[in-house]
Amino acid sequence: MGHTSLEKLIRLQRKTSNIRNICILAHVDHGKTTLADCLVASNGIISTRLAGKLRYLDSREDEQIRGITMKSSAISLHYTAGESEYLINLIDSPGHVDFSSEVSTAVRLCDGAIVVVDAVEGVCPQTQAVLRQAWLENIRPVLVINKIDRLIVELKLSPQEAYTHLQKILEQVNAVTGTLFTSKVLEERAVKEAEVQEAISEPSGGELVYDWSAGLEETDDSHLYFSPDQGNVVFASAIDSWGFSIHQFAQIYCQKMGIRSEVLQKTLWGDFYLNAKAKKIMKGAQAKGKKPLFVQLVLDNIWSLYDAVVTRRDKEKVEKIVASLGLTVMARDLRHSDPKVLLSAICSQWLPVSQAVLSMVCEKLPPPSEISAERVERLMSVGTRRFDSLPEKTQELKQAFLDCMSEEAAPVIVFVSKMFAVDSKALPQNRQRPLTQEEIGQRRELARQRHAEKKAASQSAENPESANAGGAQTTTPANTTNTDTDALCAQTEALTVKPTAEEEEKEHFIAFARVYSGVVRRGQRVFVLGPKYDPALALRTLPDGCSAADPLPSVPHLACCTLEHLYLLMGRELEELEEVPAGNVLGIGGMEEFILKSATISTSPACPPFTPLNFEATPIVRVAIEPKHPSEMPKLVRGMRLLNQADPCAEVLIQETGEHVLVTAGEVHLQRCLDDLRERFAKIEISASKPIIPFRETVIRPPKVDMVNEELGRQQKVAVIHQAKDEQSKYPEGVHVDSTGLVTLTTPNKMATVGIRAVPLPEEVTRLLEGNSELIRTMEQFSLFAREGKTLEISQKTLEEIQGFKSKLEGLLQGHKWRNAVERIWAFGPRRCGPNILLNNVEGYKRPSVWQCLEREKEKSEAVMLRDFDNSIVSGFQLATLSGPMCEEPLMGVCFSVESWEIRFSSQLTQQDSVEEDSVSQQASEADNNASAPVSGEPELGGANAVEDTPSSGSGQSRRKVDTTDCYGPFSGQLIAAMKEACRCAFQAKPQRLLAAMYTCEIMATADVLGRVYGVLSKREGRILNEEMKEGTDMFIIRAVLPVAESFGFADEMRKRTSGLASPQLVFSHWEVISSDPFWVPTTEEEYLHFGEKADSANQALKYMNAVRKRKGLYVEEKIVEHAEKQRTLSKNK
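Bear in mind the structure is a predicted one, so any value in this text is a computation, not a measurement.

In a packed pair of helices, the relevant descriptors are the angle between the two axes and the axis-to-axis distance. Across the interface, helix α8 (residues 246-257) lies against helix α11 (residues 293-311) with an axial gap of 12 Å and an inter-helix angle of 110°. Comparing the axis directions of α8 and α11 gives the class roughly perpendicular. In this structure, α8 contributes I246, F249, Y253 and M257 to the contact, and α11 contributes F294, L297, V298 and N301. Within the contact of α8 with α11, the residues separate by chemical class into seven nonpolar, one polar and no charged.

Spelled out as structure tokens, the structure:
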């Protein structure tokens, strides 16, 4: 097929029903880019011979070197099926886990996906991840089982064995889809049941019988699964340029065998065989030991082709096959020394992979106009808001999505999934245009004149006398020639557009987007909606029928801009467009000032921002970056800002220490970001620190056994050199710690005392708090608004989620010591939404609940007052949980219980207006500007001479407070510091442990390198979870967990040790307690005997803790030199 012109693609963009927006998804190295090459070659953009070798859509240099895709890139293809012409917008995406954020950006813009699975490796971790992403975005997948040639050449399977193997792969893929479907049905069922229970107020009598079917029987799921007879599976070998669907072979054999193609399509895959005598297709091939139709009619032919061409190189048989298939193969291909060239030449004509895949895409995947209502509602419902709760004008836009109309009246709705950087040379307006005939003529004339001048100059140099003699006559013509030449040069320079140095250096950003409704035109004025934009607020603020061109009042998270350039994305090239109708993928230039990473663009202010993208990978690897030359710091800051915009997953931040920190998803991603900074964005030499490993600090229950697994309390404690220090000596002055771990601390001016106890939270509670940080943030926001006398609207769905979260918390916090604990929660921390709890156990002090959003009615009837300086206690807790005492890392899974809080004001202090005491709390967290709600008149606990404030009559009136500033500073600041110190001491009074971030690691390896894989894992503190052998292969799948701290260089070491036969996939999983105590010293006789008097064996937790302390510049207790004298041998001493 020849190269398709730009005009044809523009014409096809207008026919929405014939557009297909698709992406290619797969695990790393399963052949996505090779398959994309074959599809691109079908349009004549690249040569068919280079398909698979060129990797056209991998345009970055590091992608070509590493051999993996690192960014998603799009290309528009033209495909003709019969009389219909289709426009296929194809997006190739990465398979490496570090770049899974790029997959999310691609999936959001598509309506369908091609899922590629390696025929040997089968379903891998990233295959499951991409299927889940496709499911979450409600897009329809089709399956390509690639690399079938490996079954023939590498595994040397027979056609029958290969058929069984392919069946198993299909089962694996369908099992993943089935799991996703089941979870969705069960969720819907649970919601329906909850609604029914609410409707029925009185419980019905009789015994409750649970229906285990859970609605799975009634729901039709047949369309979800992959099956060759449904036409949504293609078997292929992209590197050898062949691929087929059952439909193609049904067409071939229906003429030869005289059986209808519909019958063949249903029976070619499955337990059917051909009865040669009766000339009928019968069922039960396996039971009767017959060859299945798929083996007999399809696989046998492919196997015999490979046998003749690759294995035996039988020229006669090859010629016979070529003749019988009616193909024409060039003589040079037949003579080529590499059999794969001949194989590719035969297969690309007999079973072209592009034909099979593109016809399946056009038949089985939906056009943009068939977007489902469920998907539209999900896209429009941001965060915790339901579609029903959106304004009426916003809900009306749903129809515009469903219609996908390209009319003048239709509102423009565009979603930008990411921004990507391009060089100014790559932009169409800066590209060198071909010269016209006139320009070519002018340049030819200029070249002739210059040549004549050179000739004349050389001649005059040879004959100086003759030149002098005729000098007078030749002066005038020479001058004229020079003038003509200058004029021509000026003209030529005017024709050649030279971008300035500034323009060349400037990075241009292009928005990767899709039009969901309306027609996008160049120069059009539009609204850019940020992720936090609220259409309800905008509709109240803006006048009716306003457009982006009108002068408008400012609305939060809403900006107006002009669409400067529209581009058609063609892989490595861009083509400029004037307009783009609905349903198409496009690039938009000049949006870098308005969009950071993703945004929604619309001509209607009623349009809501789209739901944020679902990112699978969590950025976890941090490095601090600085320029080699300090004077280049502004360039680094600018470069990091550009990198942050260009990469959907990278995060850039400045820490409290002033370090510029880059957070990435993994080692490969980090390397790519650093390369981009050096070569593209900052263009300076930079130095990156060693990766900053995140840790967390926690407390645990006192262990029952010591370090040698002897039960504690039964051994006799002995005096050893490293005897534990006196417990009280490690606490500062003024801190009292009793035997139960209760810490009592008084402020420097002796006016307040707090009693704190630290208790470890159950592991399930910590996980629950971590997973619901958004809900906790919403609750905190509601409490803040309530204190300021405002109301925050929360949707019913969110309230239900908060109620469910509270019920789960109550269910997990069971037992005597947690009785009524959920109601007594004072705050969460750090940053008011973290996995630590502050409990109110102060007798007689009842404060507003953190759950007050669930108790609106009660709250109105009985207003509960906040005690003065309440916010100082919360701020102290926030600061304490933000940096723990072990190595200033955040705390996790700790509950601080406030047992007592006494305030004693001295009689000398007078009542007068004082400043707010909340200023320090601002640093601890972003919430709570006004902690001092009306102060209760009840006497403070133990408050001898406690001064009472007059309760204010209204929230708006100014109140009188106690001015408690003395030589120690403001009292609120002293209380914050005392609370922070008390929390730290309470933490130290319990057994302390470090929590390490853990990766789950999946490794595929053959049996002969299994031992080396285990060796590398054990060396790096890894723990094997399980290993299983993949059926039908000699591959083992090993699942393990590995600390993030030990993961750097792990993949490289694994590849080196196993000669490239095993490569790991690392995904952040969870936080895990490091079992060893970093402060441990031997205290029992058994420990002394086992570890020796120095006890200097490696302590992993201490090693990690000291490394973090060194990095932060904290004091580290370690011996640098033990014996400074030079050691001599006895013989030398003589």
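Here the focus is the sheet that holds strand β27 (residues 752-760). Pairing is mixed across the open sheet formed by six strands, whose spatial order is β25-β26-β27-β30-β29-β28. The open sheet is flanked by β25 (735-737) and β28 (825-829), the only strands paired with a single partner. Mean inter-strand twist for the sheet, computed between neighbouring axes without regard to direction, equals 20°. Relative to strand β30 (residues 894-903), strand β29 (residues 836-840) is paired through four bridges, and the arrangement is parallel. Each bridged residue has a counterpart across the sheet, and for L838 the counterpart in β30 is F896.

Glancing now at the packing of aromatic side chains. Summed over the entire model, instances satisfying the criterion amount to 25 aromatic pairs. Relative to F610, the ring of F401 has its centre 5.6 Å away and its plane inclined at 45°; by these criteria the two rings are tilted. Remark: F610 occurs in the loop between β19 (599-602) and β20 (621-627) and F401 occurs in helix α17 (residues 392-403); sequence separation between them is 209 residues. With a relative accessible area of 5%, F610 lands in the buried category. A connected cluster of aromatic rings, assembled from ring pairs, spans Y163, F235, W242, F244, F249, Y253, W269, F294, Y306 and W350. Between the NZ or CZ atom of R108 and the centre of the ring of F415, over which it lies, the distance is 5.1 Å. The aromatic ring of Y516 is capped on one face by R514, whose charged end is 4.5 Å from the ring centroid.

A separate point is the side chain of E63. Within the fold, E63 resides in helix α3 (residues 61-66). The contact partners of E63, leaving out residues within four places of it in the chain, are R55, L57, D58, I68, T69, M70 and K71.

For the rest of this paragraph, the subject is the nonpolar core. With 106 residues, the main nonpolar core has I114, I588, M591, L662 and I1003 as its most contacted residues. Tallying contributions element by element places helix α15 (residues 353-364) first for this core, with seven residues. Among the nonpolar cores identified, the runner-up in size contains 60 residues, and C254, L268, W269 and V295 belong to it.

Turning our attention to the pairing of strand β24 (residues 695-699). One face of the sheet, then the other: side chains in a regular strand alternate in exactly this way. Across the five residues that make up β24, a large majority, four, are buried. Pairing geometry for β24 and strand β31 (residues 992-1006), over five bridges, is antiparallel. Bridge pairing in β31 links R696 to L995.

Attention shifts here to the pairing of strand β3 (residues 84-92). Here β3 lies mainly inside the structure; seven of its nine residues are buried. Pairing analysis gives six bridges linking strand β1 (residues 19-26) to β3, with the strands arranged parallel. Bridge pairing in β3 places I19 opposite L87. Counted along the chain from strand β2 (residues 73-81) to the antiparallel partner β3, the turn is two residues long, and its residue G82 has a positive phi close to 65°.

Below, the discussion takes up α17. Every buried residue belonging to α17 is among T394, L397, K398, A400 and F401, and all of these are buried. Summarising the axial view, the buried residues of α17 lie within an arc of 165°, below the 170-degree limit, and thus occupy one face. Counted as exposed and oriented over 90 degrees from the buried face of α17: E392 and E396. Along its buried surface, α17 packs onto α16 (373-380), β10 (413-422), β11 (508-517) and α22 (535-541). A positive phi of about 50° marks C404, the residue just after α17.

Further remarks concern the packing of helix α29 (residues 870-882) against helix α31 (residues 971-988). It is the contact of α29 with α31, at a shortest axis distance of 7 Å, that shows an interaxial angle of 45°. Our classification of the angle between α29 and α31 gives oblique. Judged by the twist between their axes, the crossing of α29 over α31 is right-handed. Contact residues: S872, I873, S875, G876, F877, L879 and A880 in α29; S972, L975, I976, M979, K980 and C983 in α31. Here the residues of the contact of α29 with α31 sort into eight nonpolar, four polar and one charged.

Attention now goes to a positive patch on the surface. On the surface, a cluster of positive charge is contributed by K425, R638, R641 and K683. Here K425 shows up in the loop between β10 and α18 (437-462). For K425, a relative accessible area of 66% translates into the label exposed.

Moving on: the pattern of salt bridges. Side chains that differ in sign of charge can pair as their charged atoms come close. Enumeration according to the criterion identifies 45 salt bridges in this entry. Its salt-bridge partner being R55, residue D58 comes within 3.3 Å of it at the nearest N-O pair. For the pair shown, D58 and R55 are each scored as buried. Here R993 makes a salt bridge to D1077, at a shortest N to O gap of 3.6 Å. Here D1077 lies in the loop between β34 (1063-1073) and α34 (1085-1091) and R993 lies in strand β31, a separation of 84 residues in the sequence. Under the relative-accessibility criterion, R993 is labelled buried at 7%.

To continue, consider the environment of L566. Considering the arrangement of structural elements, one finds L566 in strand β15 (residues 565-570). For L566, a relative accessible area of 0% puts it in the buried group. Excluding residues within four positions of it along the chain, L566 makes contact with V520, R521, R522, E575, E576, L577, E578, E579, V580, L586, G587 and I588.

Strands sit in the order β21-β22-β20-β23 across an open sheet of four strands; the sheet is antiparallel. Edge positions in the open sheet fall to β21 (651-654) and β23 (686-688), since each of these has one partner strand only. Looking at each pair of strands side by side, their axes are set apart by 30° on average, direction ignored. Both β20 and β23 contribute to a ladder of three bridges, which runs antiparallel. Bridged to I625 within β23 is A688. Of the strands in this sheet, β20, β21, β22 (660-664) and β23 are in contact with helix α23 (residues 633-646), which crosses β22 at around 25°. Across the sheet, helix α24 (residues 667-681) lies against β20, β22 and β23, angled at about 135° from β22, the strand it touches most.

Below, the discussion takes up the state of the cysteines. Applying the stated criterion across every chain, the model contains zero disulfides. Residue C23 stays outside any disulfide, its sulfur separated by 3.9 Å from that of C110, the closest cysteine.

Basis of the calculations
Along each chain, numbering runs from 1 in the same order as the chain's sequence is written. Where local features are concerned, this predicted model is filtered to residues with pLDDT of at least 70; where side-chain atom pairs are given and counted, the filter is 80 or more; whole-chain, interface and lining totals use all residues. Side-chain numbers here rest on the full set of heavy atoms in the structure, without hydrogens or water. Note on definitions: angles span 0 to 180 degrees between N-to-C directions of axes, and those axes are lines fitted to C-alpha atoms, for helices only across the stretch in contact. Numbering of helices and strands starts at the N terminus; helices are DSSP runs of H or I of at least 4 residues and strands are runs of E of at least 2. Put simply, angles under 35 degrees are roughly parallel, angles over 145 are roughly antiparallel, angles from 65 to 115 are roughly perpendicular, and the rest are oblique. Contact between two residues is taken to exist if any of their heavy atoms lie within 4.5 Å; hydrogens are not considered. Each residue gets one of three labels, nonpolar for Ala, Val, Leu, Ile, Met, Phe, Trp, Tyr, Cys and Pro, charged for Asp, Glu, Lys and Arg, and polar for the others, Gly among them. Only strands that DSSP links by at least two bridges are regarded as paired with each other. Two aromatic rings, drawn from Phe, Tyr or Trp (for Trp, its six-membered ring), form a pair once their centres lie within 6.5 Å of each other, and the interplanar angle then sorts them: stacked below 30 degrees, edge-to-face above 60, tilted otherwise. Relative accessibility under 20% of the residue-type maximum defines a buried residue, over 50% an exposed one, and the middle range a partly exposed one, all with a 1.4 Å probe and only protein chains included. A ring is considered to have a charge above it if a Lys NZ or an Arg CZ atom is located within 6 Å of its centre and within 35 degrees of its normal. Nonpolar cores are built from buried Ala, Val, Leu, Ile, Met, Phe, Trp, Tyr and Cys residues. Side-chain atoms within 4.5 Å join them into one set. Picture the helix axis, draw a direction to every C-beta atom, and the arc is the one those directions span. Helix crossings get a hand from a simple test, with the near helix turned counterclockwise from the far one by less than a right angle marking a left-handed crossing and a clockwise turn marking a right-handed one. By definition, no residue in a patch forms a salt bridge, and every one has over 30% relative accessible area; like charges are joined within 9 Å, nonpolar side chains (Val, Leu, Ile, Met, Phe, Trp, Tyr) within 5 Å. Using the Shrake-Rupley algorithm and a 1.4 Å probe, accessible areas are obtained, with residue cover drawn only from the displayed protein chains. By definition, a salt bridge exists where a carboxyl oxygen of Asp or Glu is found within 4 Å of a side-chain nitrogen of Lys or Arg. The charge count treats Lys and Arg as positive and Asp and Glu as negative. His and the chain ends do not count. A charge is said to be at NZ when it belongs to Lys, at CZ for Arg, at CG for Asp and at CD for Glu. Only a pair of cysteine sulfur atoms within 2.5 Å qualifies as a disulfide here.

By themselves, these are just geometric observations and shouldn't be taken as functional.
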